[in-house]
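Residues per chain are reported as follows:
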Amino acid sequence: MALPTPPYPINTLLLRPVLSLAAWTFAMEIWLYATRIPAFSKYKINLRNPSRAKAEMEAKFPPHVTNVAANFAHLHEQPTVFYAVVLALAVAGDASLGTQYAAWGYVGLRVAHSFYQSLVNDPVIRRFYLFATSSLVLAGLTARAALLVF
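Keep in mind the model is a prediction, meaning the values are calculated, not measured.

How each quantity is defined
Residues numbered from 1 in each chain as written. Predicted model: local features only at pLDDT ≥ 70, side-chain atom pairs only at ≥ 80, totals over all residues. Heavy atoms only, no water. Axes fitted to C-alpha atoms, helices over the stretch in contact; angles between N-to-C directions. Helix = DSSP H or I, 4+ residues; strand = E, 2+ residues; numbered from the N terminus. Parallel < 35°, antiparallel > 145°, perpendicular 65-115°, else oblique. Left-handed = near helix turned anticlockwise from the far one by under 90°. Contact = heavy atoms within 4.5 Å. Nonpolar A, V, L, I, M, F, W, Y, C, P; charged D, E, K, R; others polar. Salt bridge = Lys/Arg side-chain N within 4 Å of Asp/Glu carboxyl O. Buried < 20%, exposed > 50% of the residue type's maximum accessible area, 1.4 Å probe, protein only.

*Asks:* What am I meant to see in the packing of helix H1 (residues 15–42) against helix H4 (residues 79–91) here?
*Replies:* Helices that pack against each other are described as a pair by the angle of their axes relative to one another and the distance between those axes. Running from amino to carboxyl end, H1 crosses H4 at an angle of 160 degrees, the nearest separation of the two axes being 9 Å. Here H1 lies roughly antiparallel to H4, going by the angle between them. In this structure, H1 meets H4 at a crossing whose hand is left-handed. Contacts between H1 and H4 pair Leu-15, Pro-17, Val-18, Leu-21, Ala-22 and Thr-25 from the former with Pro-79, Phe-82, Tyr-83, Val-86, Leu-87 and Ala-90 from the latter. Looking at the contact of H1 with H4 residue by residue, the class counts come to 11 nonpolar, one polar and no charged.

This is how it looks when you write it as structure tokens:
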């Protein structure tokens, strides 16, 4: 059964950065498991008591383990707004190159943020600059969507 055709064209090119960031989130989840699962036994974390396990992880896990987990959590925060805004732009039929570049720019900045937080994270201010820049791009995409929809 074919889906009904909307009265406006959906820009499927905008779905590519959305799906790419979603795929990146799953890549970070694999990285999370690859660092965290071996750390449970290496640092003798008692997984039978969840509240104790959390305290032990915070106390014993080195930054290369905790930073990956923190970044995975971050990919479930602000990027959810990105998904909503870019899907709204796609549904509204926005086909401008500027919107496409901005969407890809946001994805690139979030991937760079992931690598920086997971591998370096010092000084933290550099990670903040990546985050702030991606926030500005997302604010621009949001403004673009508001102009098209309202």
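There is more to say, and it comes next.
*Asks:* Even after reading the chapter, I still don't get the pattern of salt bridges, so can you show me in this structure?
*Replies:* Close approach of charged atoms allows side chains with opposite charge to pair. For the structure shown, the criterion picks out two salt bridges. Here Arg-52 and Glu-56 are joined by a salt bridge, their closest N and O atoms 3.0 Å apart. With Arg-52 and Glu-56 both in helix H2 (residues 50–60), this residue pair falls four residues apart, about one helical turn. Looking at Arg-52, the relative accessible area reads 45%, which means it is partly exposed. The closest approach of N and O atoms between Asp-94 and Arg-144, which form a salt bridge, is 2.9 Å. A residue pair is termed long-range when its members are at least 10 positions apart, and Asp-94 in the loop between H4 and helix H5 (97–120) and Arg-144 in helix H6 (residues 124–149) qualify at 50 residues.

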